[in-house]
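# Analysis of the macromolecular model
Read off the chains here:
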Amino acid sequence: MNDKPAIVWLREDFRLADNAALTAATQTGAPLLLIHIRPERPYGMTAVDWFREKTLAHFNVDLRSLGGKVHVFAGDSARLLPEIAARVGAAAVFWNRRYDPVGREIDAGLKREFAPCGTEAHSFAGALLHEPWTVKNRVGQPFKIFSAYWRAACEAGSPRPPLPAPRELKFFTEPVTGAQEEQLPWPAWTSSLDAHHKFGEAAAQDRLVRFIADDLGHYEDERDFPDRDATSGLSPYLRVGQISPRQVWNAVSDASVNPAHAAARAKFLAELGWREFAWSVLWEHPGLADHALRQEFEGLPWRTDPSGLEAWKRGRTGYPLVDAGMRELWRSGVMHNRVRMVAASFLVKHLLIDWRLGEQWFAETLADYDPASNALNWQWCAGTGADSAPFFRIMNPVLQSRKFDPSGVYIRRWVPELKSVSDKDIHAPWESPGGLPANYPLPIVDHAAARRRALAAWDGVRGGD
Ligand code: FAD
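Residues numbered from 1 in each chain as written. Predicted model: local features only at pLDDT ≥ 70, side-chain atom pairs only at ≥ 80, totals over all residues.

Within the chain, the secondary structure is distributed over 19 helices and 5 strands. Its C-alpha atoms give the chain a radius of gyration of 24 Å, within 12% of the compact-globule value 23 Å for 465 residues. If you line up the chain on its principal axes, its C-alpha atoms span 80 × 50 × 50 Å. The buried share among the 465 residues of the chain stands at 41%. For the chain, restricting intrachain contacts to residue pairs at least 6 apart in sequence, the fraction spanning at least 24 positions comes to 77%. (Helix = DSSP H or I, 4+ residues; strand = E, 2+ residues; numbered from the N terminus. Rg over C-alpha atoms; globule rule 2.2 N^0.38 Å. Buried ≥ 20, exposed ≤ 12 C-beta atoms within 10 Å, placed from the backbone. Contact = placed C-beta atoms within 7 Å.)

The parallel open sheet is built from 5 strands, whose spatial order is β3-β2-β1-β4-β5. Looking along the sheet, the strands with just one partner apiece sit at the ends: β3 (70–74) and β5 (120–124). On average, each strand axis in the sheet is tilted by 25° relative to the strand beside it, whichever way the strands run. The pairing of strand β4 (residues 92–96) with β5 spans 5 bridges and is parallel. Among the inter-strand pairings, A92 is bridged to a residue of β5, identified as E120. (Pairing = 2+ DSSP bridges. Axes fitted to C-alpha atoms, helices over the stretch in contact; angles between N-to-C directions.)

Another point: the confidence of the model for the chain. The predicted structure's coordinates, where accompanied by low pLDDT, should not be read in detail. Taken over all residues, the pLDDT of the chain has a mean of 94, while the share at 70 or more is 98%. Interface confidence for the predicted complex, given as ipTM, is 0.99, next to a pTM of 0.97. (pLDDT = per-residue confidence, 0-100.)

In this structure, strand β2 (residues 32–38) lies alongside β3, joined through 5 bridges in parallel fashion. Residue pairing in the sheet places L34 in a bridge with V70 of β3.

Bringing the environment of P371 into the picture now. Secondary-structure assignment places P371 in helix α16 (residues 371–382). For P371, a count of 22 C-beta atoms within 10 Å gives the class buried. The spacing of P371 and L282 is 89 residues in sequence and 8.2 Å in space, taken between C-alpha atoms. For P371, the residues in contact, after removing those within four places along its chain, are D100, L282 and A289.

Another point: the domain arrangement of the chain. Examined at the domain level, the chain breaks down into domain 1 (6–126), domain 2 (128–162 + 201–284) and domain 3 (295–462). Computed over C-alpha atoms, the centres of domain 1 and domain 2 are 26 Å apart. Contacts between the two partners involve 15 residues from domain 1, matched on the other side by 17 residues from domain 2. Taken together, the residues that form the side of domain 1 that touches domain 2 break down as 7 nonpolar, 2 polar and 6 charged. (Domains from an automatic or database assignment. Nonpolar A, V, L, I, M, F, W, Y, C, P; charged D, E, K, R; others polar.)

Moving on, we come to the UniProt feature "domain: Photolyase/cryptochrome alpha/beta" (unreviewed entry) in the chain. Look at the UniProt record and you will see "domain: Photolyase/cryptochrome alpha/beta" (unreviewed entry) annotated at residues 4–129. Between the C-alpha atoms that bound residues 4–129 there is a distance of 33 Å. The span itself is 41% helix and 21% strand. (UniProt positions renumbered as here; feature names shortened; annotations may be inferred.)

Before going further, it helps to spend a moment on helix α1 (residues 20–27). Those residues of α1 lying buried are A20, A21, L22, A25 and T26. Phi for G29, located one or two positions after α1, is positive at around 85°.

What follows covers the UniProt feature "binding site: FAD" (unreviewed entry) in the chain. If you check UniProt for "binding site: FAD" (unreviewed entry), the listed places come out as Y219, T231, S232, G233, L234, S235, F268, D368, Y369 and D370 in our numbering. Their sequence span is 152 residues, while the largest C-alpha to C-alpha distance among them is 22.6 Å; these annotated residues do not converge on one region. Structurally, T231 is set in the loop between α8 (219–222) and α9 (235–240). Not counting residues up to four positions away in its chain, the partners in contact with T231 are R223 and N337. Within the element layout of this structure, F268 appears in helix α11 (residues 262–284).

Attention now moves to the site of the ligand. The environment of the ligand is made up of 26 residues, and the closest members are T231, S232, S235, N374 and N377. The set of elements that each furnish at least two residues to the shell around the ligand consists of α9, α11, α14 (337–350) and α16. Residue composition of the shell around the ligand, grouped by class: 12 nonpolar, 8 polar and 6 charged. A domain split of the shell around the ligand shows at least three residues from each of domain 2 (128–162 + 201–284) and domain 3 (295–462). (Near = placed C-beta within 6 Å.)

The next point concerns helix α15 (residues 355–365). Looking only at α15, the buried set comprises W355, G358, E359, F362 and T365. Along the axis of α15, the buried positions cluster into a sector of 140°, meaning they face one direction only. Looking at the buried side of α15, the elements it contacts are α2 (47–64), α13 (320–332), α14 and α16. (Arc of directions from axis to C-beta.)

Right, let's get into the pairing of β4. In terms of burial, β4 is largely enclosed, as 5 of its 5 residues are buried. Burial along β4 is two-sided: the residues A92, F94 and N96 and V93 and W95 are all buried. Here 4 bridges tie strand β1 (residues 6–9) to β4, and the two strands are oriented parallel to one another. Residue pairing for β4: W9 is matched across the bridge by W95.

A few words now on the packing of α13 against α14. With their axes 9 Å apart at the nearest point, α13 and α14 run at an angle of 110° to one another. Taken together, the axes of α13 and α14 are roughly perpendicular relative to one another. Side by side, α13 and α14 meet where L321, V322, A324, G325 and M326 of the first sit next to V339, R340, V342, A343 and F346 of the second. For the contact of α13 with α14, the class distribution of residues is 8 nonpolar, 1 polar and 1 charged. (Parallel < 35°, antiparallel > 145°, perpendicular 65-115°, else oblique.)

Let us look at unusual backbone geometry. Notably, D18 is not glycine yet its phi reads approximately 45°, a positive angle. You can see D18 is positioned in the loop between β1 and α1. Backbone geometry places L352, a non-glycine residue, at a positive phi of 50°. Along the chain, L352 falls in the loop between α14 and α15.

Relative to the helices and strands, L366 resides in the loop between α15 and α16. A sequence separation of 320 residues divides L366 from T46, and the C-alpha atoms of the two residues are 8.0 Å apart. In contact with L366, not counting residues within four places along its chain, are A47, V48, L329, G333, V334 and N374.

This is the structure:
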């Protein structure tokens, strides 16, 4: 190739290592023009946008030391990418595939558009261990049940080893018109998120290494306890591609990992498998965030309850574990998985509020918001999915709290009003002999009554079968 640049369009893959699109572009010998196109944000920045922007800023610091940078544009990528390619006379465009319904459509359209213009468009696998259309059952149908999906995925063999970072990067140095400021102003609400995250490819790798050394061995036994730092914390990094699932798989499967940790390792890899499964379900059901997979659940008599929804969002339901989780989410952009389950179940079953409203709130506030995992897990908690917790199984937030945060360490971390309530009473402080602390609400709904109401709603749906 001559000096026409090769464009690498970065979307959710801000890393140098195991970046197939970047590696392939480097191998052409053409100077690289790295670009990112910010989507138009009519409703402002969400938490995952914030995490992506921070990531981009850190990735640019890494690139600057190598003599390059990411050129940032904003707007409709379907229009902008061909314009940029024409403006710089690009020989080829490279990207790693994305699988969300909107992104898929844009990318397919771009490939069609580039084909007749002589600009080659190359796409690569990078965000998943298995392309979402590849794991099928014996008759070529997608799996509906996770365990069968994961068995088949594992039988398909280990994913290919991760690629090393390219040894040398040659950048396109001519001016590129239309690029934006690299950094957006941060909305005020993002300031509390900073303290809870580290950014950059090195930080993601460091987190993985520390997890394997310190926590993998007891992952299976401790992953459900929000008061312990027993999970990997990799989800935001995976979301924006500061680390790839292949890198995680490879490091965790490494033979040097203690053989006594085999069960914990399998459990952890299966959790990564849930992420894969979610993408395969979204691939088959692009409306996963909008429609119940089990159609009969579209008939549930959801309540309109703005004050209940607001209390849930703000962590003011009067159920300490739910409130701790919702406040953790707002302040840090993440929430422990067990607590996500309890909080989601509470919204859907105790308040009988449509799971889609919860899904949307998580989509706005999670720094690891992932359209596949979020929608699938909401449907799982709501009991509306194919392989879900049954609707009639209603989590008791007080029992969950006693079991998984027995000393109230996690609750006290996020709900300071309850700091001086005893370990015994903190799970149901309205029963505390010392009385409910000032400023902490009474439960907005009685558990037993809410349970009866949810079961009656479910019976109504079953009756319509
Ligand atoms: P670890 O326990 O260390 O797991 C390792 C990795 O496996 C995670 O980083 C993640 O990529 C994957 N994983 C683990 N559990 C799940 C799961 N149940 N489903 C899919 N992938 C999983 N996860 C997201 O990444 N984005 C979301 O938007 C999201 N929304 C959720 C909504 C609800 C209602 C629930 C119940 C769960 C949701 N999850 C989501 C799944 C899970 O809570 C997070 O992946 C996990 O808490 C991230 O923490 P970790 O990286 O320490 O996980």
